[in-house]
Amino acid sequence: MRLQGKTAIVTGAAGGIGRASCQAFAREGAHVVAADLRGEDATRVAQEIGESGGSAGAAEVDVTNADSVARLVRETTKEHGRLDVMFNNAGIFPDADGSVTDTDESVWEQVVNVNLRGVFLGCKYAVPAMIESGGGSLINTASFVAVMGAATSQSAYTASKGGVLALTREIAVEYARAGIRANALCPGPTNTPLLAGLLADPQRRARRIVHIPMGRLAEVEEIANAALFLASDESSFITGTQFLVDGGITAAYVTPE
Ligand SMILES: NC(=O)c1ccc[n+]([C@@H]2O[C@H](COP(=O)([O-])OP(=O)(O)OC[C@H]3O[C@@H](n4cnc5c(N)ncnc54)[C@H](O)[C@@H]3O)[C@@H](O)[C@H]2O)c1
């Protein structure tokens, strides 16, 4: 029970990584608030956890909306008295996000709004609540693309994830002595609906797989286990990191056949 007595919010909870993380956190004793734009799907995640003996509630939230995020944190602390873990995980990856010359401004704004502003707002409202709780763990989902470039461009997505790394470091440094840790979780390609468009195209799929030394995608539980470690006191001396869970992608110059 590595999160016994802790209260955790997970955004993007109805998606692949979010749902698996809600389940992992609840299994380890946390009360989980599953938050997503798709409120009904978040409710289903909370119900599944309840049915398997865990403790969870759900909230409909738009991470791009300050009032919505502020309400999420306020209601969580009101109901549970504390906030220990904030997993800012909601993100989007639209097909229209491409090379810098092709990507429409509206796509850029939409992606940066969800992936970066959403993380900013999650941290902005979680930090005061964590200070009140005597400390906490912020986990912000970035990506391996935040640390390396790809020939198949996704300019807005990559830029937004780079911003998540930089923001997370700043927060980590500023609040370390207040007992708040902040880490950027950087998954490699993971088997979730987010990648469905890319994976449906055999050529794009092959281009992704060829760069992964392990020769496969991550499963959501493998990313959730990393989030669990960062959420728990087992990572008590870890802050400001880019925590790569990427099957070796960033270690490789070339991959074996
Ligand atoms: N799947 C991958 O290969 C991969 C790799 C690296 C990083 N990531 C990142 O991991 C995170 C989770 O991705 P996933 O693969 O589970 O995707 P997913 O599409 O399965 O889930 C994303 C969730 O975010 C929610 N969401 C979108 N916009 C929102 C908003 N404005 N407010 C609240 N919720 C919103 C969606 O409803 C969805 O449930 C994302 O930040 C993504 O960028 C994914």
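Throughout this description, residue numbers start from 1 for each chain and increase along the sequence as written. Totals for whole chains, interfaces and linings use every residue, but because this is a predicted model, local features are given only for residues with pLDDT of at least 70 and side-chain atom pairs only at 80 or more, for both listing and counting. Water and hydrogen atoms were dropped before computing side-chain values, which therefore reflect all heavy atoms in the structure.

Undergrad: Talk me through empty space enclosed by the protein; I want residue IDs and the actual numbers.
TA: In this approach, a probe sized like a water molecule rolls over the atoms, and the result shows the empty space that is left. Buried and open spaces are told apart on a 1 Å grid over the protein atoms alone, a cavity being a set of points where a 1.4 Å probe fits but cannot get out and a pocket being an open set with protein on both sides within 12 Å along at least five of seven lines. Residues with an atom within 4 Å of a point are the lining residues. Grid points are joined across faces, edges and corners, and a volume is the space filled by probe spheres set on the points. This structure, assessed with the given rule, holds one cavity of 30 Å³ or more. Of the voids in this model, the largest cavity is the one considered here, and its volume is about 60 Å³. Of all the secondary structure elements, the ones that give two or more residues to the lining of the largest cavity are α3 (66-80), β4 (85-88) and α4 (105-133). Each helix is a run of H or I in the DSSP string that is no shorter than four residues. Each strand is a run of E no shorter than two, and both are numbered from the N terminus. A per-element tally of the lining of the largest cavity places α4 first, with four residues. Of the residues contributing to the lining of the largest cavity, the split by class is eight nonpolar, five polar and no charged. Amino acids outside the nonpolar list (Ala, Val, Leu, Ile, Met, Phe, Trp, Tyr, Cys, Pro) and the charged list (Asp, Glu, Lys, Arg) are all regarded as polar, and Gly is one of them.

Undergrad: Hey, could you go over the site of the ligand for me, with residue numbers and the actual values?
TA: Residues are classed as near a molecule or strand on a simple rule: at least one heavy atom within 4 Å of it. Taken together, the neighbourhood of the ligand is formed by 29 residues, with I17, D36, Y157, T190 and T192 sitting nearest. At a separation of 2.9 Å, an oxygen atom of the ligand approaches a polar backbone atom of N89. Per-residue accessibility takes into account occlusion by the displayed protein chains alone, with areas from the Shrake-Rupley method and a 1.4 Å probe. In isolation the ligand has 820 Å² of accessible area, and contact with the protein removes 93% of it. Among the cavities detected, the one that contains the ligand is the largest pocket. Those elements giving two or more residues to the shell around the ligand turn out to be α1 (16-27) and α5 (155-175). Among the residues forming the shell around the ligand, the class breakdown is 15 nonpolar, ten polar and four charged. Here a polar contact means two N or O atoms within 3.5 Å. Within protein one must be a hydrogen donor candidate and the other an acceptor candidate, and residues neighboring in sequence count only if both atoms are side-chain atoms. Molecules are considered to sit inside a cavity or pocket once more than half of their atoms lie within 2 Å of its grid points.

Undergrad: An account of the packing of aromatic side chains is requested, with residue identities and associated values reported.
TA: For Phe, Tyr and Trp, where Trp contributes only its six-membered ring, two rings pair if their centres lie within 6.5 Å, and the inter-plane angle classes them as stacked under 30 degrees, edge-to-face over 60, or tilted in between. As enumerated under the stated definition, the model contains three aromatic pairs in all. Geometrically, the ring pair formed by F25 and F87 is tilted, given 6.2 Å between the ring centres and 40° between the ring planes. Taken together, the residues span a long stretch of sequence, with F25 in helix α1 and F87 in strand β4 at a distance of 62 residues. On the basis of relative accessible area, F25 is assigned to the buried category, the value being 0%. To sort residues, take the accessible area from a 1.4 Å probe on protein chains only and compare it with the maximum for the residue type: under 20% means buried, over 50% means exposed, and anything in between is partly exposed.

Undergrad: Report on the state of the cysteines, specifying residues and quantitative values.
TA: Criterion for a disulfide: a pair of cysteine sulfur atoms at a distance within 2.5 Å. Taken as a whole and judged by the stated rule, the model has zero disulfides. With no disulfide of its own, C123 has C186 as its nearest cysteine by sulfur position, at a separation of 14 Å.

Undergrad: I'd like to hear about the layout of surface pockets, residue by residue, with values.
TA: Taken as a whole, the largest pocket holds about 730 Å³ of empty space. Of all the secondary structure elements, the ones that give two or more residues to the lining of the largest pocket are α1 and α5. The element that contributes the greatest number of residues to the lining of the largest pocket is α1, accounting for three residues. The residue inventory of the lining of the largest pocket, partitioned by class, reads 17 nonpolar, 13 polar and five charged. Reported here for the second largest pocket is a volume of approximately 300 Å³. In terms of lining, the second largest pocket is formed by 15 residues, of which the most central are M148, G149, A150, R207 and H211. The residue inventory of the lining of the second largest pocket, partitioned by class, reads nine nonpolar, four polar and two charged.

Undergrad: Could you give me a rundown of the pairing of strand β3 (residues 55-60), with the residues and numbers involved?
TA: At least two DSSP bridges between two strands are required for those strands to pair. Relative to β3, strand β2 (residues 31-36) runs parallel, the two being bridged by six bridges. Bridge assignment links H31 to a residue of β3, and that residue is S55. Seen with its strands pointing away from the viewer, a crossover is right-handed when the path leading from the first strand over the helix to the second is clockwise. Running through helix α2 (residues 39-51), the crossover from β2 to the neighbouring parallel element β3 is right-handed.

Undergrad: Tell me about α1, residues and numbers included.
TA: If you check α1, its first and last C-alpha atoms are 17 Å apart, about what twelve residues at 1.5 Å a residue would give, namely 16 Å. Among the residues of α1, those classed as buried are I17, G18, A20, S21, C22, A24, F25 and A26. Just beyond α1, the residue with positive phi is G29, at close to 100°. Helix span, as expected, comes to 1.5 Å for every residue beyond the first.

Undergrad: Kindly report on the pattern of salt bridges, identifying the contributing residues and their values.
TA: Any two side chains of opposite charge can pair, given that their charged atoms come close. One speaks of a salt bridge when a side-chain nitrogen belonging to Lys or Arg is within 4 Å of a carboxyl oxygen belonging to Asp or Glu. The tally for this structure, following the rule as stated, stands at seven salt bridges. A salt bridge links R2 to E234; the nearest nitrogen and oxygen atoms lie 2.9 Å apart. Within this pair, whereas R2 is found in the segment before β1 (7-11), its partner E234 is found in the loop between α8 (220-231) and β7 (242-245), the two being separated by 232 residues in sequence. Accessibility expressed as a relative area gives 46% for E234, which makes it partly exposed. One salt bridge connects D84 with R82, and the closest N-O pair in it is separated by 2.8 Å. Among the charged side chains, a network of salt bridges with common partners joins R38, D41 and R44.

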